Amino acid sequence: MDLTPYKVTPAHVLVGFVTGGAVLSALGLYQPLVQIGGAGATIPLSGFGHLLAQGALGAVKTKGLLGAFSGGLQMTAVGLTAAILFGYLMAIIFNPRG
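As the structure is a computational prediction, the values presented were derived from the model and not from experiment. (Residues numbered from 1 in each chain as written. Predicted model: local features only at pLDDT ≥ 70, side-chain atom pairs only at ≥ 80, totals over all residues. Heavy atoms only, no water.)

Student: Teacher, can you tell me more about the overall build of the protein here?
Tutor: The helix and strand inventory of the protein stands at five helices and zero strands. If you list the helices and strands of the protein from N to C, you get α-α-α-α-α. Taken over C-alpha atoms, the radius of gyration comes to 16 Å for the protein, far larger than the 13 Å a tight globule of 98 residues would show. Taking the principal axes of its C-alpha atoms as reference, the protein extends roughly 45 × 35 × 25 Å. Sorting the 98 residues of the protein into buried and exposed places 18% on the buried side. For the protein, the accessible surface area stands at approximately 7,300 Å², while carbon and sulfur atoms represent 74% of it. (Helix = DSSP H or I, 4+ residues; strand = E, 2+ residues; numbered from the N terminus. Rg over C-alpha atoms; globule rule 2.2 N^0.38 Å. Buried < 20%, exposed > 50% of the residue type's maximum accessible area, 1.4 Å probe, protein only. Areas by Shrake-Rupley, 256 points an atom, 1.4 Å probe, with all protein chains shown as cover.)

See the structure below:
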């Protein structure tokens, strides 16, 4: 982050990784990376984009166009729920500074 221009914020980097993972997944280039890297390729932000794309593509095949909107959330629901739950618990347990 220190080497990026001042206009590139952490939010830009986050969106770039998620979008990059989704695009690579839609092109069929991310799955070979998952088979080589295993959890190292599925856990980071690009893996989240991969899951969103795979969920949307799978749901489109079964539900039609409406599946494009719901499929990604169904694939990532457990991870999103865990992140929200654990974040909330940590906020209750620890006193944040700032």
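Student: Explanation requested: the layout of surface pockets in the structure shown.
Tutor: A water-sized probe rolled over the atoms picks out the places where empty space is left. If you add up the space inside the largest pocket, you get close to 170 Å³. Around the largest pocket sit Thr42, Ile43, Pro44, Gly47, Phe48, Leu51, Met75, Thr76, Gly79, Leu80 and Ala83, which together line it. Taken together, the elements giving at least two residues each to the lining of the largest pocket come down to helix H4 (45-63) and helix H5 (67-93). With five residues, the top contributor of residues to the lining of the largest pocket is H5. (1 Å grid on protein atoms, 1.4 Å probe; cavity = no way out; pocket = protein on both sides within 12 Å on 5 of 7 lines; lining within 4 Å. Points joined across faces, edges and corners; volume = space filled by probe spheres on them.)

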